[in-house]
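Listed here are the chains, written in short residue letters.
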Amino acid sequence: MTASPASRCLVAPKGAGEARIPGLVTLKDGRVILFFDERPAPASGTGSDFNGLTMASDLPNPNRICWMERADEGRWSEPRPLPLGGPSVSSDACVGVDGGGLMHLAFASTDGRVGYMDSRADGERLRAWWAWGSGPEDLSYVDMTDELYALTGADALFATSGGTVAVDGAVALPYVVRTGDETHVRVVYARGGRMVGAAEPLVGEAGVLLDETTLSAWDGRLVANCRIQGFEGRGSGARCLAWGDGRTWEGAYLWELEDPGCNARMIADLFVHPGRRDARAGGEILRLTPPWEGEVRAEVVSSLGDGAFGYSDVAFTGDEAVVVFERDRGLWEAAVSL
């Protein structure tokens, strides 16, 4: 295990607001781009008071997605908003590149005060958008709300945050889908700005509700590493690992570990997450053994220190893993030599 690397603040919060939900992607031309959710101070209270049905400072607050580019020497550009053409409110980006080199960005939006919990299939709904193009400066937008709600029969859905992978040249976008009180994960495929297929629903066993999911291409399989749904910060003490061919799920394993309930990032057998159950803190990079071979074992490749470590993502540049994570209502970076 390597020593804890030094970390630095990339994006400080504006006033009483937050910078949250990092999503990293490496474009076809090699540029590393960071997307994040810029959240102003909530209209009242701490966010949950805004309409009584949303958590933290999530939608329907007037959030927006911003982006930054990382130069070779490790410097980042100043944050910029997405180009005009999309909705005025947006949050929580899921991003990947298809086999043709086109970047796809999936995110949620809202037209009014509706959030995830009060979204209804036959009423006001949380909206689903895609943006696609060669990079963040050159995007076309498409409102996928009707198409995705028709496919899934959902009352609410959102693309889970962070980077993702391509399968057979299509970007695999994991959605959390809620129908009534039932929740599952649905992977939808995008290529050239169009939906080109979907996997069968991934449902937790024995009443386990699946939440934010990171996808990995590992040993010829698509692996879904799912957060177990629960109250913020409570920690389930487990994650669900499922694997398959990208269309069907062949097996699943309930992996017990110290985890506070948080999004995370998995790339092949490497997993980045906060390594404590009682708090979003103690970030670490783990190397996992395959869940289809039996009990999952995890080796700590690098500790990222004992400090706060919330939602995170990672990109590889040369022999370094660049980890971006939430701390002190802003976003921080640590570069780890592997």
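Residues numbered from 1 in each chain as written. Predicted model: local features only at pLDDT ≥ 70, side-chain atom pairs only at ≥ 80, totals over all residues. Heavy atoms only, no water.

**Points about the overall build of the protein**
A count of helices and strands for the protein gives one helix and 26 strands. Expected size for 338 residues packed as a compact globule is a radius of gyration near 20 Å; at 18 Å, the protein falls within 12% of this value. If one aligns the C-alpha atoms of the protein with their principal axes, the spans along those axes are about 50 × 45 × 40 Å. Looking at the protein as a whole, 57% of its 338 residues are labelled buried. In the protein, of all internal contacts separated by at least 6 residues, the share reaching a separation of at least 24 is 52%. Side chains of the protein carry 31 positive and 49 negative charges; the gap between the two charge centres is 3 Å. (Helix = DSSP H or I, 4+ residues; strand = E, 2+ residues; numbered from the N terminus. Rg over C-alpha atoms; globule rule 2.2 N^0.38 Å. Buried < 20%, exposed > 50% of the residue type's maximum accessible area, 1.4 Å probe, protein only. Contact = heavy atoms within 4.5 Å. Lys, Arg positive; Asp, Glu negative; His and termini not counted. Charge placed at Lys NZ, Arg CZ, Asp CG, Glu CD.)

**Points about helix H1 (residues 145-152)**
For H1, the set of buried residues is Thr-145, Leu-148, Tyr-149 and Thr-152. Buried residues of H1, viewed axially, fall in a sector of 95 degrees; they line one side. Structural note: H1 exposes Asp-146 and Ala-150 on the side pointing more than 90 degrees away from its buried face. In this structure, the buried residues of H1 make contact with strand S8 (127-135), strand S9 (138-143), strand S10 (156-159), strand S13 (170-179), strand S14 (182-191) and strand S15 (194-198). (Arc of directions from axis to C-beta.)

**Re the pairing of strand S3 (residues 32-39)**
Burial of S3 is extensive: eight of the eight residues sit out of reach of the surface. What you see with S3 is no split at all: Val-32, Leu-34, Phe-36 and Glu-38 on one side and Ile-33, Phe-35, Asp-37 and Arg-39 on the other are buried throughout. For strand S2 (residues 18-26) and S3, the ladder comprises seven bridges, and the chain directions are antiparallel. Its bridge partner lying in S3, Thr-26 is registered against Val-32. Hairpin connection of S2 to S3: five residues between the antiparallel strands, including Gly-30 at a positive phi of 95 degrees. (Pairing = 2+ DSSP bridges.)

**Remarks on the environment of Glu-284**
Mapped onto the elements of the fold, Glu-284 is located in strand S22 (residues 283-288). Judged by its relative accessible area of 17%, Glu-284 is buried. Placed eleven residues apart in sequence, Glu-284 and His-273 show a C-alpha to C-alpha distance of 5.9 Å.

**Some details on the packing of aromatic side chains**
A ring pair, where both rings are aromatic, is described by two values, the distance of the centres and the angle of the planes. Here the structure, examined in full by the defined rule, presents five aromatic pairs. Among the aromatic residues, those joined into a ring-pair cluster are Trp-218, Trp-243 and Trp-292. Looking at Arg-125, its charged tip hangs above the ring of Tyr-149, at a distance of 4.7 Å from the centre. (Phe/Tyr/Trp six-rings, centres within 6.5 Å; stacked < 30°, edge-to-face > 60°. Lys NZ or Arg CZ within 6 Å of the ring centre and 35° of its normal.)

**A few points about the sheet that holds strand S24 (residues 312-317)**
Here four strands make up an open sheet; going across it, the order is S1-S26-S25-S24 and the pairing antiparallel. Only two strands of the sheet have a single partner each, and these edge strands are strand S1 (7-11) and S24. When the angles between neighbouring strand axes are averaged without regard to direction, this sheet yields 30 degrees. Pairing geometry for strand S25 (residues 320-327) and strand S26 (residues 330-337), over eight bridges, is antiparallel. Bridge pairing in S26 places Ala-321 opposite Val-336. (Axes fitted to C-alpha atoms, helices over the stretch in contact; angles between N-to-C directions.)

**Describing unusual backbone geometry**
Even without glycine at this site, Ile-21 takes up a positive phi of about 60 degrees. Inspection of the secondary structure assignment puts Ile-21 in strand S2. When its relative accessible area of 2% is taken as the criterion, Ile-21 is described as buried. Of note in the backbone geometry, Asp-328 takes a positive phi value of approximately 55 degrees without being a glycine. For Asp-328, the position within the fold is in the loop between S25 and S26.

**Quick look at the nonpolar core**
One finds Ala-106, Leu-126, Trp-130, Leu-148, Leu-157, Leu-173 and Tyr-175 to be the most contacted residues of the largest nonpolar core, which totals 24 residues. Mapped onto this core, the elements with two or more residues apiece are strand S7 (103-109), S8, H1, S10, S13 and S14. It is S13 that contributes the most residues to this core, five residues altogether. Filtering out sequence-adjacent residues up to four positions away, Leu-173 remains in contact with Cys-94, Ala-106, Trp-130, Thr-164, Arg-186, Val-187, Val-188 and Ala-190. (Core = buried A, V, L, I, M, F, W, Y, C linked by side-chain atoms within 4.5 Å.)

**Some points on the pattern of salt bridges**
Applying the stated criterion across every chain, the model contains 19 salt bridges. Across the pair Arg-31 and Glu-137 runs a salt bridge whose closest N-O atoms are separated by 2.8 Å. Of this pair, Arg-31 sits in the loop between S2 and S3 while Glu-137 sits in the loop between S8 and S9, and the two are 106 residues apart along the sequence. Residue classification places Glu-137 among the partly exposed positions, given a relative accessible area of 38%. Among the ionic pairs, Asp-269 bridges to Arg-287, the shortest N-O distance being 3.2 Å. (Salt bridge = Lys/Arg side-chain N within 4 Å of Asp/Glu carboxyl O.)

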